[in-house]
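Notes for the structure review
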Amino acid sequence: KAPAPATPVTRAPAPPASTNPMEAPKLPPFAGEIVNFDRRGTRVVACVDASKVAASPRMGPDGKPVDPPAPKPSEPPRLRIWVLEREIMQELLTSSGLCDPSWSPDGKSFAAAGVRGVFVFTEPNFEPRVLVAGQLQMPPPGAPPAREFDDPAWSPSGTKIAFRTSGAGAARVEVVDVKSAEVL
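Residues numbered from 1 in each chain as written. Predicted model: local features only at pLDDT ≥ 70, side-chain atom pairs only at ≥ 80, totals over all residues. Heavy atoms only, no water.

On to the sheet that holds strand 8 (residues 99-103), then. As summarised here, the arrangement of the four strands in space is 8-9-10-11, forming an open sheet in which the pairing is antiparallel. Whereas interior strands pair on both sides, the edge strands pair on one side only; in this sheet they are strand 8 and strand 11 (127-133). Each strand axis lies, on average, 25° off the axis of its neighbour in the sheet, ignoring direction. Where strand 10 (residues 117-122) and strand 11 come together, six bridges link them in antiparallel fashion. (Pairing = 2+ DSSP bridges. Helix = DSSP H or I, 4+ residues; strand = E, 2+ residues; numbered from the N terminus. Axes fitted to C-alpha atoms, helices over the stretch in contact; angles between N-to-C directions.)

Turning our eyes to something else, we now look at the sheet that holds strand 13 (residues 160-167). On the basis of which strands lie adjacent, the open sheet formed by three strands has the order 12-13-14 and antiparallel pairing. Looking at the sheet topology across the chains shown, the edges are occupied by strand 12 (148-154) and strand 14 (170-177). On average, adjacent strands in this sheet sit at an angle of 25° to one another, irrespective of strand direction. Two strands pair when backbone bridges link them, and strand 12 and strand 13 are joined in this way by five bridges, in the antiparallel orientation.

Counted according to the given criterion, the structure contains five aromatic pairs. Seen from their ring centres, phenylalanine 110 and phenylalanine 126 are 5.6 Å apart, and the 40° between their planes marks the pair as tilted. Linking phenylalanine 110 in strand 9 (residues 109-114) with phenylalanine 126 in the loop between strand 10 and strand 11, this pair joins segments that are 16 residues apart in sequence. Here phenylalanine 110 and phenylalanine 126 have matching classes, each one buried. With centroids separated by 5.9 Å and ring planes inclined at 50°, the aromatic side chains of phenylalanine 149 and phenylalanine 163 adopt a geometry described as tilted. Residue phenylalanine 149 is found in strand 12, and its partner phenylalanine 163 is found in strand 13; the two are separated by 14 residues along the sequence. The two residues phenylalanine 149 and phenylalanine 163 agree in class, both being buried. (Phe/Tyr/Trp six-rings, centres within 6.5 Å; stacked < 30°, edge-to-face > 60°. Buried < 20%, exposed > 50% of the residue type's maximum accessible area, 1.4 Å probe, protein only.)

Moving on, we get to the pattern of salt bridges. Tallied over the entire structure, the rule returns seven salt bridges. In this structure, the salt-bridge partner of arginine 172 is glutamate 174, at a minimum N-O distance of 2.7 Å. (Salt bridge = Lys/Arg side-chain N within 4 Å of Asp/Glu carboxyl O.)

Among the secondary structure elements, lysine 108 is positioned in the loop between strand 8 and strand 9. In this structure the C-alpha to C-alpha distance between lysine 108 and threonine 122, which are 14 residues apart in sequence, comes to 6.1 Å. Beyond its immediate sequence surroundings of up to four residues, lysine 108 is in contact with Arg43, Phe121, Thr122, Glu123 and Phe126. (Contact = heavy atoms within 4.5 Å.)

Turning to the pairing of strand 6 (residues 79-85), a few remarks are in order. By the criterion of burial, strand 6 is predominantly enclosed, with six of the seven residues buried. Direction of pairing for strand 3 (residues 43-49) relative to strand 6: antiparallel, over a ladder of seven bridges. Bridging across to strand 6, valine 48 finds its partner in arginine 80.

Looking now at the nonpolar core. In terms of nonpolar packing, the biggest core is built from 12 residues, these being Ala111, Ala113, Val118, Val120, Leu131, Val132, Phe149, Trp154, Ile161, Phe163, Val176 and Val178. Secondary structure elements with two or more residues in this core: strand 9, strand 10, strand 11, strand 12 and strand 13. Contact partners of valine 178, with chain neighbours within four places excluded, come to Arg129, Leu131, Trp154, Gly158, Thr159, Lys160 and Ile161. (Core = buried A, V, L, I, M, F, W, Y, C linked by side-chain atoms within 4.5 Å.)

With that out of the way, let us pick up the state of the cysteines. Overall, the coordinates contain one disulfide when judged by the stated rule. The disulfide partner of cysteine 47 is cysteine 99, and the S-S distance across this bridge is 1.9 Å. A torsion of -115° about the S-S bond marks the disulfide between cysteine 47 and cysteine 99 as left-handed. Here the residue cysteine 47 occupies a position in strand 3, and cysteine 99 occupies one in strand 8, the gap between them amounting to 52 residues. The pair formed by cysteine 47 and cysteine 99 is uniform in burial state, with each residue classed as buried. (Disulfide = S-S within 2.5 Å.)

Laid out in structure tokens, this is it:
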């Protein structure tokens, strides 16, 4: 059984919510850069790259601003999931690589996917549940890349989730039953 990949870690007042479904939510500068998001009414779930925090410039010994160090090219993004509703923001500390959030039709859960698999997070605390387990550790150098999971989409009834899986140069769509976690 995989360890639980999420724990609520941050709660903060949220900026005013937009009603435009295409407008990205506003997060505080310390959160990072939004990768993608899904909006359901006044609720938003956002995938954020925490390695891209808008930091204030530091001053060097000569009094001039010093550029922050560039990220290492081999360094993966530090993805975090934020849930925003009206004036409350909650950051979920997730295992690296979970993203592509998608609200359920009833707005009480959302799915997220990544190299670690497909997960469902359910209110009130958005505790995660593994639907499809992926790879828990990065493959060793020279090994084939880990199987990827992305683009979860709920059925209108909220009983199934379709997602794309790819690996070894091939991609396909699979469907999982939300209740039983059985891949159909």
